[in-house]
Amino acid sequence: MIVTVETTPFGDQKPGTSGLRKKVPVFAQKNYAENFIQSIFDSLEGFSGKSLVIGGDGRYYNREVIQKAIKMAAAAGFGKVMVGKGGILSTPAASNVIRKYEAFGGIVLSASHNPGGPNEDFGIKYNIGNGGPAPEKITNAIFARSKTITEYKIADCPDIELDAVGTQTVEGMTVEVIDPVADYAELMESLFDFAAIRALISGGTRVVIDSMGAVTGPYATEILERRLGAPSGSVRNAVPLPDFGGHHPDPNLVHAKELYDDVMSPDGPHFGAASDGDGDRNMIVGKGMFVTPSDSLAIIAANATVAPGYARGIAGIARSMPTSAAADKVAEKLGIGMYETPTGWKFFGNLLDAGMATVCGEESFGTGSDHVREKDGLWAVLFWLNIMAARKESVADIVRKHWAEYGRNYYSRHDYEEVDTDAANGLMAALRGKLATLPGTKIGALTVEAADDFAYHDPVDHSVSENQGIRVLFEGGSRVVFRLSGTGTSGATLRVYVERYEPDPANHGIDTQEALADLIAAADTIAEIGKRTGRSAPTVIT
Ligand code: G1P
Ligand code: ZN
C-alpha cells in the first residue's frame with residue numbers, strides 16, 4: 001500500500017558542495033530524510049517507469065535511508081531501483097551503474113571524507129542520468145521544494161532484503177540488488193593495462209591500499225588482490241564499517257599518516273594509496289615522494305596515452321580553480337583545452353559530456369575522467385600503477401622528471417576547521433571589501449598584481465556561478481586563494497590555498513612549507529586570519 005504522510009518543511013535542507021550533509025541525529029529526525037528525498041523527486045520530471053540507482057558508502061544510517069529511499073521511489077512511480085548488495089556502492093561505482101544501465105538518476109548516500117557513526121556525518125546526494133552530481137539548477141530546485149513541502153509518499157511494506165543479489169518487487173516496482181563491485185572492476189579492466197600492472201607487481205613492486213574501513217575495501221580487494229595478483233593483505237582496513245572502524249576516512253597526510261610512514265620507511269612498500277569514505281578520493285605516495293593531488297592530475301594527463309583507455313590522447317583537462325596550475329603546463333604543451341572551474345565535481349559534468357575535457361582534478365585528492373561523472377579514487381591508483389609499469393620508473397623518478405620538464409608548482413592547503421561562523425563570514429566579507437585596493441600592495445618582497453572573487457562562466461550551458469573564492473595573485477605567478485568550505489557540518493572551515501611556481505630544477509628540492517613561507521605569512525596579513533579567527537595555526541595542512 002502507498003501512503004501519503006503529512007509533513008512540515010525543515011528550513012535547512014540546502015545542498016552544499018556535494019549534496020545535503022548533516023549529522024546523523026539531524027537526519028534521524030522524524031520525516032527529515034523523507035522530506036529531502038521527496039523534494040528530490042518533486043524537482044524531477046519524466047522518471048515514471050524508469051530506473052533509479054541507490055547505494056551508499058556503508059556508513060552509519062546508510063541502511064535505514066536506503067529502505068526509505070526504495071519505498072519512496074516505488075511510491076513516486078519509478079519502474080525499477082538498482083541497489084548495491086548490502087546497500088553498498090562507492091560514489092564512482094554508482095556513477096558507472098547509472099551510466100551503464102541508462103538509469104534516470106541515482107541517490108548516493110555518503111558524507112564522503114567526513115567521519116561516520118551515531119553522532120557523525122551523513123549525506124544524501126542526487127545524481128542525474130549522466131552519472132554526475134545534479135547541477136545547481138536542480139539542487140536549487142530541491143532546496144526550494146524542501147521549504148514548501150507538505151507531504152510525502154511512501155510504500156507501506158516490510159523492509160527490502162538487501163543482502164542477497166536478486167530481484168524483488170515493491171508495489172509493482174522492481175528492486176534489483178546488484179553486485180556492487182563487478183561492473184566497476186570490469187570498467188577498470190577496460191581502461192588499464194592489467195597485464196602490465198600484474199607484471200609490475202609480480203616483479204617485486206609492493207603495492208598497498210588503505211581503504212580506511214570505508215567503501216573501497218571490496219573494490220580494491222577484487223581488483224588489486226584478485227585481478228592484479230597482489231598478496232592478500234595488500235588492501236588494509238578492507239571491510240567497510242558503519243563507523244569506519246573509528247578512522248577518519250580522509251586520505252591525506254594527517255588521517256592516512258600510518259600508510260605514509262610505512263611507505264616512507266626503508267623496508268616498507270614501494271607504493272601506497274588511500275581512499276576516502278565513498279571511494280572517490282585518492283592519495284598517492286611513492287617511496288620518498290608524496291604526490292600532491294595537483295601534480296597527480298598533471299602527471300596523469302602528461303602520461304595518459306600509456307593506458308589503453310586513453311591511448312587516443314586526451315581532449316582537454318579541467319581543474320578546480322584552487323587546484324595548482326601544474327596541469328595547465330601540460331595542456332599548453334599538448335595543445336589541448338584547459339578549463340578552470342569552481343570547487344566541486346558537479347562543474348566538470350558539462351565539460352566531460354561535451355567532450356571538451358577528458359581528465360579532471362581537484363587539489364582535494366580528487367582525480368577522474370570521462371569514464372564516469374564522479375571523481376574516482378581507485379581509477380587514479382590504477383592509472384599510477386599503469387604509468388609506473390609502462391615507464392618502468394618509481395613514483396619519485398616520474399615526479400622529479402615531470403618537474404624538470406614543466407617546472408614545479410609548490411602547493412599547500414591550510415584548513416582552519418570549526419571556526420566561528422560569524423568570524424569566518426566576516427573575514428571573507430572584509431576580503432571582498434578590499435579587493436579593489438589590493439593590487440599594488442607590497443607585503444615583504446611580494447607585490448599583489450591582481451585580486452578578484454572567482455566567477456565561472458560555464459562554456460557549455462552559459463550558466464554563471466559567482467563568489468567561488470577570493471584569488472590574490474602576486475607578481476611572478478604566485479597566488480593565495482581563500483574560500484569557505486561547502487561540505488562542513490559544524491561551524492565554518494576556512495580554506496587557504498597557497499601556490500608558487502618554480503621553473504628552475506635546482507630549486508625543486510625545498511620543503512613545501514618552507515618554499516611557501518612568505519606567501520603563508522602574506523595570507524595572514526591580507527586576511528587577518530589570526531586576528532579574526534583566534535587561531536595561530538591551521539588544523540590541517542595538506
Ligand atoms: C571539498 C573539497 C572539494 C570537493 C568536495 C567534495 O569541498 O574542497 O574540492 O569537491 O569537498 O568532495 P569544500 O568543503 O571545500 O566545499
Ligand atoms: Zn568522497
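Residues numbered from 1 in each chain as written. Chains lettered and ligands numbered in written order. Predicted model: local features only at pLDDT ≥ 70, side-chain atom pairs only at ≥ 80, totals over all residues. Heavy atoms only, no water.

Asks: For this particular structure, what's the right way to read the packing of aromatic side chains?
Replies: How two aromatic rings sit relative to each other is given by the distance of their centres and the angle of their planes. Applying the stated criterion across every chain, the model contains 19 aromatic pairs. Measuring from centroid to centroid gives 5.9 Å for Phe47 and Phe104, while their planes differ by 70 degrees, and the two rings are edge-to-face. Linking Phe47 in the loop between helix H2 (32-42) and strand S3 (51-56) with Phe104 in the loop between helix H4 (91-100) and strand S5 (105-109), this pair joins segments that are 57 residues apart in sequence. Its relative accessible area of 9% is what places Phe47 among the buried residues. Between Phe78 and Phe104, the ring centres sit 6.4 Å apart and the planes meet at 65 degrees, which makes this aromatic pair edge-to-face. One end of the pair, Phe78, is in the loop between helix H3 (62-76) and strand S4 (80-88); the other, Phe104, is in the loop between H4 and S5, and 26 residues separate them in sequence. Cluster of aromatic residues (ring-pair linked, three or more members): Phe10, Phe27, Tyr32, Tyr61 and Phe122. Positioned over the ring face of Tyr501 is Lys329, at 4.3 Å from the centre of the ring. In this structure, Arg408 is placed above the aromatic ring of Trp403, and the distance from its NZ or CZ to the ring centre is 3.9 Å. (Phe/Tyr/Trp six-rings, centres within 6.5 Å; stacked < 30°, edge-to-face > 60°. Helix = DSSP H or I, 4+ residues; strand = E, 2+ residues; numbered from the N terminus. Buried < 20%, exposed > 50% of the residue type's maximum accessible area, 1.4 Å probe, protein only. Lys NZ or Arg CZ within 6 Å of the ring centre and 35° of its normal.)

Asks: I would appreciate a short explanation of the coordination of the zinc ion (ligand 2) in the present structure.
Replies: Think of it this way: four donors in a tetrahedron around the metal ideally sit 109.5 degrees apart, and six in an octahedron ideally sit 90 or 180 degrees apart. Donor atoms from the polypeptide that bind the zinc ion (ligand 2) are Ser112 (OG), Asp276 (OD), Asp278 (OD) and Asp280 (OD), placed at 2.0 to 2.1 Å. In this structure, the zinc ion (ligand 2) is coordinated by four donor atoms arranged in irregular fashion, with angles at the metal of 85 to 159 degrees. Read in sequence order, the donor residues coordinating the zinc ion (ligand 2) give the pattern S-x163-D-x1-D-x1-D. Taken as a pair, Ser112 in the loop between S5 and strand S6 (121-127) and Asp278 in the loop between strand S12 (271-275) and strand S13 (282-286) lie far apart in primary sequence, 166 residues in all. Taking relative accessible area as the criterion, Asp278 reaches 4% and is therefore assigned buried. (Donors = N, O, S within 2.8 Å, 3.2 Å for Na, K, Ca; no water. Tetrahedral: all angles 85-135°; square planar, octahedral: opposite > 155°, others 65-115°.)

Asks: What exactly am I supposed to notice about the sheet that holds strand S17 (residues 359-362) here?
Replies: The strands that make up a sheet are held in pairs by hydrogen bonds between backbone atoms, and each pair lies either parallel or antiparallel. If you trace the four strands from one edge of the open sheet to the other, you get S16-S15-S17-S18, paired in mixed fashion. Two strands close off the open sheet at either side, each with one partner strand: strand S16 (337-341) and strand S18 (366-369). Between one strand axis and the next, the sheet turns through 15 degrees on average, direction left out of account. In the sheet, strand S15 (residues 316-320) pairs with S16 via five bridges, with the strands oriented parallel. Within the sheet, the bridge partner assigned to Ala318 lies in S16 and is Tyr339. Along the sheet face, helix H10 (residues 293-302) touches S15, S17 and S18 and points at about 170 degrees away from the line of S17. (Pairing = 2+ DSSP bridges. Axes fitted to C-alpha atoms, helices over the stretch in contact; angles between N-to-C directions. Contact = heavy atoms within 4.5 Å.)

Asks: How should I be thinking about the packing of H10 against helix H14 (residues 395-406) in this particular structure?
Replies: Angle between the axes and distance between the axes: these two values describe a pair of packed helices. Packing of H10 against H14 leaves a shortest axis separation of 11 Å and a crossing angle of 85 degrees. Classified by the angle between their axes, H10 and H14 sit roughly perpendicular to one another. Where H10 approaches H14, its residues Asp295, Ala298, Ile299 and Ala302 are matched on the opposing element by Ile398, Val399, His402, Trp403 and Tyr406. Per-class residue counts for the contact of H10 with H14 are seven nonpolar, one polar and one charged. (Parallel < 35°, antiparallel > 145°, perpendicular 65-115°, else oblique. Nonpolar A, V, L, I, M, F, W, Y, C, P; charged D, E, K, R; others polar.)

Asks: How should the site of ligand 1 be read in this particular structure?
Replies: The environment of ligand 1 is made up of 15 residues, and the closest members are Glu362, Ser364, Gly486, Thr487 and Arg495. In this structure, Ser485 approaches ligand 1 through a side-chain N or O atom, which is 2.6 Å from an oxygen atom. Within the contact set of ligand 1, an oxygen atom lies 2.6 Å away from a backbone nitrogen or oxygen of Gly486. Across the complex, the protein chains shield 99% of the 380 Å² of accessible surface that ligand 1 would expose by itself. (Near = heavy atom within 4 Å. Polar contact = N/O pair within 3.5 Å; in protein donor to acceptor, adjacent residues only side chain to side chain. Areas by Shrake-Rupley, 256 points an atom, 1.4 Å probe, with all protein chains shown as cover.)

Asks: In this structure, what is going on with the side chain of Thr205? I would like to understand it.
Replies: Tracing the chain through its elements places Thr205 in the loop between helix H7 (194-202) and strand S10 (207-210). The class of Thr205 is buried, set by a relative accessible area of 17%. Residues within four places of Thr205 in sequence aside, it is in contact with Leu200, His270 and Met388.

Asks: Would you take a moment to explain H4 for this structure?
Replies: Taken across its ten residues, H4 has eight buried, putting it largely inside the fold. Where H4 is concerned, the buried positions are Thr91, Pro92, Ala93, Ala94, Ser95, Asn96, Val97 and Ile98. For H4, the side-chain oxygen to backbone nitrogen distance between the N-cap and Ala93 is 3.1 Å, and the N-cap itself is Ser90.

Asks: Would you take a moment to explain the pairing of S6 for this structure?
Replies: Walk down a regular strand and you will see the side chains alternate between the two sheet faces. With respect to burial, S6 is a largely interior element, seven of its seven residues being buried. Along S6, one buried face is formed by Asp121, Gly123, Lys125 and Asn127 and the opposite face, lined by Phe122, Ile124 and Tyr126, is buried too. When strand S2 (residues 20-23) meets S6, the two strands line up antiparallel, connected through four bridges. Across the sheet, residue Leu20 finds its bridge partner in S6, namely Ile124. As judged from the four bridges shared by S5 and S6, these two strands associate in the antiparallel manner. Within S6, the residue paired with Val108 across the bridge is Lys125.

Asks: Help me out: how do you make sense of the pattern of salt bridges in this one?
Replies: In total, this model carries 38 salt bridges according to the counting rule given. Notably, a salt bridge pairs Arg226 with Glu222, separated by 2.9 Å at the nearest N-O pair. Highlighted residues: Arg226 and Glu222, both in helix H8 (residues 216-227), separated by four residues, approximately one helical turn. Note on Arg226: relative accessible area 57%, which makes it exposed. When its relative accessible area of 17% is taken as the criterion, Glu222 is described as buried. A salt bridge links Arg391 to Glu393; the nearest nitrogen and oxygen atoms lie 2.8 Å apart. Three or more residues are tied together by salt bridges with common partners; here these are Arg319, Asp328, Glu340, Asp452, Arg471, Arg479 and Glu499. (Salt bridge = Lys/Arg side-chain N within 4 Å of Asp/Glu carboxyl O.)

Asks: Looking at this model, I keep getting lost on H10. Mind explaining?
Replies: Each turn of an α-helix holds 3.6 residues, which means side chains three or four residues apart point in the same direction. Counted residue by residue, H10 has nine buried out of ten residues, so it is predominantly covered. The set of residues buried in H10 consists of Pro293, Ser294, Asp295, Ser296, Leu297, Ala298, Ile299, Ile300 and Ala301.

Asks: Got a minute to help me understand the sheet that holds strand S24 (residues 470-474) in this structure?
Replies: If you walk across this open sheet you meet the seven strands as S20-S21-S24-S25-S26-S19-S27, and the pairing is antiparallel. Each edge of the open sheet is held by one strand with a lone partner, namely strand S20 (442-443) and strand S27 (540-541). Direction of pairing for strand S19 (residues 408-419) relative to strand S26 (residues 492-502): antiparallel, over a ladder of ten bridges. What sits directly across from Val419, in S26, is Ala492.

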